[in-house]
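# Working through the structure, step by step
Listed below, chain by chain, are the residues.
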Amino acid sequence: MTRPHVHDDLGHPVDLATPPHRVVSLVPSITEALATSAPGVLAGATDWCTHTAGLDVPRVRGTKNPNLDAIAALEPDLVVANQEENRELDVRRLRERGIPVWVTVTETVPQALDSLERLFTEALAGGVPDWLTAARDLWDRPLEPRGTAAIAIWRDPWMVVGRDTFTGDLVRRLGLLNVYADDEARYPTTTIEEIERRRPNLVLLPDEPYAFTATDGPEAFESTRTVLLSGRLLTWYGPSLVEAHDALAQRLGQGT
């Protein structure tokens, strides 16, 4: 029995006459979600897809430079991408090859959870994973604001999380207001002086995409407290959100 067209998060029609059986994921968070709840359909992933532990699937290079020939050779009946993490050019070229692509949009925690639910129920024609329901319960009640933060993602040059981002919304739900939330850019380039001028209570230093460490990052800030964090817990959406809620709340509570 065939299905009508389904539409991805951007409203693009995706021709899935039957539920897909070979899915290539170009998004680490979604790879972890599929490996956890639909491992039988995962046919390939990027080099950056590090979870679940021991994941053994063919690799198709990076999120920004996927090997389109390698993807096509896997004969997927669906490729999953993300509007922010992947290039529109690669999505277009995959579609030109006749490969269906499902693009997700994840600019807030609720939007990310809604997107994942649609992927599992509409694209894959399955049920809602238990971890997704648990994540909704945990993140549905934002904590009262108790401080401010700048969230660094790179140095040389320094870059931070700005407006309309999943990570900014996640931190807000943990009670910290992003001091760059009103910036025109979603990931503005800045300076140490500008960060400290905004007087955040904390500067958050995740270990990805830039691998901040105890000796690479905190030493740059003379007057602002820094907190080293797991980048996966801070920036990934999927099963990690269940662990992230309490782990980050405790870590950030110690930092304020």
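Cut-offs used in this document
Residues numbered from 1 in each chain as written. Predicted model: local features only at pLDDT ≥ 70, side-chain atom pairs only at ≥ 80, totals over all residues. Heavy atoms only, no water. Helix = DSSP H or I, 4+ residues; strand = E, 2+ residues; numbered from the N terminus. Expected span 1.5 Å × (residues − 1). Buried < 20%, exposed > 50% of the residue type's maximum accessible area, 1.4 Å probe, protein only. Arc of directions from axis to C-beta. Polar contact = N/O pair within 3.5 Å; in protein donor to acceptor, adjacent residues only side chain to side chain. Salt bridge = Lys/Arg side-chain N within 4 Å of Asp/Glu carboxyl O.

## Focus on helix 4 (residues 109-123)
- Taking 1.5 Å per residue, 15 residues should reach 21 Å; helix 4 reaches 20 Å between its end C-alpha atoms and fits that length.
- Those residues of helix 4 lying buried are Val109, Ala112, Leu113, Ser115, Leu116, Leu119, Phe120 and Ala123. Summarising the axial view, the buried residues of helix 4 lie within an arc of 160°, below the 170-degree limit, and thus occupy one face.
- The backbone nitrogen of Gln111 has a side-chain oxygen 3.0 Å away, supplied by the residue at the start of helix 4, namely Thr108.

## Side note on the environment of Pro100
- In this fold, Pro100 is placed in the loop between helix 3 (88-96) and strand 6 (101-104).
- For the pair Pro100 and Ser230, spaced 130 residues apart in the sequence, the C-alpha separation amounts to 33 Å.

## Description of the pattern of salt bridges
- Under the definition given, this model contains 20 salt bridges.
- Salt-bridge contacts for Arg95 lead to Asp8; the nearest nitrogen and oxygen are separated by 3.1 Å. Separated by 87 residues along the polypeptide, Arg95 in helix 3 and Asp8 in the loop between strand 1 (6-7) and strand 2 (13-14) bring together distant segments of the chain.
- We classify Arg95 as partly exposed; its relative accessible area is 25%.
- The class for Asp8 is buried, based on a relative accessible area of 3%.
- Its salt-bridge partner being Arg232, residue Glu243 comes within 3.7 Å of it at the nearest N-O pair. In this pair, Glu243 sits in helix 9 (residues 240-255) while Arg232 sits in helix 8 (residues 231-235), placing the two residues 11 residues apart along the sequence.

## Concerning unusual backbone geometry
- Cis geometry marks the peptide bond from His51 to Thr52; its omega dihedral reads 10°.
- Within the element layout of this structure, Thr52 appears in the loop between strand 4 (42-45) and helix 2 (68-73).
- With an omega of 5°, the peptide bond between Glu208 and Pro209 qualifies as cis.
- Here Ala125, not a glycine, exhibits a phi torsion of approximately 55°, which is positive.
- Within the element layout of this structure, Ala125 appears in the loop between helix 4 and helix 5 (130-139).
- Phi is positive for Arg199, close to 55°, though the residue is something other than glycine.
- Positionally, Arg199 belongs in the loop between helix 7 (192-197) and strand 11 (202-206).

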